[in-house]
Every structure is written in C-alpha cells, then in structure tokens.
Amino acid sequence: MGFIVRDEWAVKTRKAYTQLSTVPQYELTEVDLKTAKDAAEEDQEYNRRVGAKPHGSNDPKVLLRQTQLGYCGEIAVCAWFTRITGIQCDWKHEPGNYKARDVLGYQVRTRPKVHYGLNINPHDRPDDIFILCKALRGPQGEPIIYIIGWRTAKDVMENGDKRDSKSEGHFYTIDTVKPLDTLPMTPERLQHEQSDELPF
C-alpha cells in the first residue's frame, strides 16, 4: 500500500479532511489493492511484450504505482455506482485496451494528494467525462479513495492551466470540479441501469 501516501499537508491543515468528509469515499480492501496491483503488472508485461510505451512516467516502478493508483480509483467508482444504483457494477480490466473508457462510459483520474487538481492530457478525447478521485490515507492510516467531482476534458482544456510535462510535453489542470449530483448520464451507464441485472 506504499503507493497511497500519508498526505502530511492534509494532516497539518485538517481542513482538507473536513472538505473531503462531504464527498463519497471508499475504503480499499486488501482484495482491491491486490486486484489493482495484478492488473498493473499485467499491463507492464503486455507493454514489454508488444514494445508499447504507455503514457506516464518513464520509470517502470513509478509507472507501476501510477497505474495501480488509477485502477484503485476505478474500482472505487464502480463501488460508488453500485451503491447509488443498487445494480452491481463490476470492474473489468483488459491489458492494452487504453482507449476504452474506464467505468460505464466515464474516465476516472486518481490523484495522490489533497491539493492536486484534475489533469487532462493532450491525447484525451475532448468530450469524455472525467471523474476526479483522490487516493489518501485516512485519519487512521486506512487507504481511502475520495470521489470528488467531474469535468469534461474539453472544459479543462479551455478553462484550466496549461503546464509542461516531462513525459507528455504538456497537460492541462484545473482545481475546481462540478459536484457529483450533476454528473451527466452516459449511454453505457443508461444501458447498465436499464439492464435486467438484479440488485445485489
């Protein structure tokens, strides 16, 4: 669980944890952490086998942690959709399928610090809806994913700050996101909620 850090800035201010108490949160289980780690390692092996260079750090160890962190966010969002709809949303992983949307037609972006905003890369599709998550240690050291809000990639590109990136050339970032109760419906989510699956 070393890839989810104790955010000392958040601990010192305490204000950050107060703000986070107003958004949905999901405490990761050991199974979740292992699932994310196994998937990240599958990706790394796939990339090695086909000679692909994924987006992210050039350091394989850092990239592995970044990928694992991202998958933890996707797992948490799945759990949140299950909670609010009563219909089981299972997280699925397919190595190498980087163009697929993450969860029910949404993209999920997970950051490891309270004060980090939503980052959008130049290759992201403008119309995609991104859900921002923060992965942090809770007050007792427990690994928690906080589901913060959403913006479209186009919105961030037009209204966010453009910054340089060693691996991407540049990226766009924005600190403010829209509340989850205004999250637009995607065709994939609509189909899922209208399916014949029974509530669990």
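Higher on the page you've got the structure.
Below is a summary of the structure that appears in this document. Predicted model only: the values in this text are computed from it and were never measured.

Reading guide: rules and limits
- Residues numbered from 1 in each chain as written.
- Predicted model: local features only at pLDDT ≥ 70, side-chain atom pairs only at ≥ 80, totals over all residues.
- Heavy atoms only, no water.
- Pairing = 2+ DSSP bridges.
- Helix = DSSP H or I, 4+ residues; strand = E, 2+ residues; numbered from the N terminus.
- Axes fitted to C-alpha atoms, helices over the stretch in contact; angles between N-to-C directions.
- Contact = heavy atoms within 4.5 Å.
- Core = buried A, V, L, I, M, F, W, Y, C linked by side-chain atoms within 4.5 Å.
- Buried < 20%, exposed > 50% of the residue type's maximum accessible area, 1.4 Å probe, protein only.
- Phe/Tyr/Trp six-rings, centres within 6.5 Å; stacked < 30°, edge-to-face > 60°.

## Quick word on the sheet that holds strand β2 (residues 107–111)
So, step 1. Strand order in the open sheet formed by four strands is β1-β5-β4-β2, with mixed pairing between adjacent strands. The outermost strands of the open sheet, each flanked by one partner alone, are β1 (25–27) and β2. In this sheet, neighbouring strand axes are inclined to one another by 30° on average, regardless of whether the strands run parallel or antiparallel.
So, step 2. Examined bridge by bridge, strand β4 (residues 129–137) and strand β5 (residues 143–152) share nine bridges and lie antiparallel to one another. Along β5, the bridge assignment pairs Leu132 with Gly149.
So, step 3. Across the face of the sheet, helix α4 (residues 60–85) comes into contact with β1, β2, β4 and β5 while running at roughly 120° to β2.

## Examining the nonpolar core
So, step 1. Grouped together as the largest cluster of nonpolar side chains are 29 residues, with contacts concentrated most on Val77, Phe81, Val103, Ile131 and Leu183.
So, step 2. For this core, the secondary structure elements donating two or more residues are α3 (30–50), α4, β4 and β5.
So, step 3. Looking at this core, the element that brings in the most residues is α4, giving nine residues.
So, step 4. Setting aside chain neighbours within four positions, we find Val103 in contact with Glu74, Val77, Cys78, Phe81, Cys89 and Val108.
So, step 5. In terms of nonpolar packing, the next biggest core, distinct from the first, is built from 15 residues, Val114, Phe130, Leu136 and Tyr146 among them.

## Side note on the environment of Gly73
So, step 1. Along the polypeptide, Gly73 turns up in helix α4.
So, step 2. Through-space distance from the C-alpha of Gly73 to that of Tyr26 is 9.2 Å; in sequence the pair is 47 residues apart.
So, step 3. For Gly73, the contacting residues outside a window of four places in its chain are Val108, Thr110, Cys133 and Ile145.

## Focus: the packing of aromatic side chains
So, step 1. Under the definition given, this model contains three aromatic pairs.
So, step 2. Each ring, one from Trp80 and one from Phe81, has its centre 5.0 Å from the other, and the planes form 45°; the classification is tilted. By the burial criterion, Trp80 is buried, and Phe81 matches it.
So, step 3. Centroid distance Phe81 to Tyr106: 5.5 Å. Interplanar angle 20°. Geometry classified as stacked. With Phe81 in helix α4 and Tyr106 in the loop between α4 and β2, the pair connects residues that are 25 residues apart, well separated along the chain. With respect to class, Phe81 is no different from Tyr106; both count as buried.
So, step 4. Through successive ring pairs, a cluster of aromatic residues spans Trp80, Phe81 and Tyr106.

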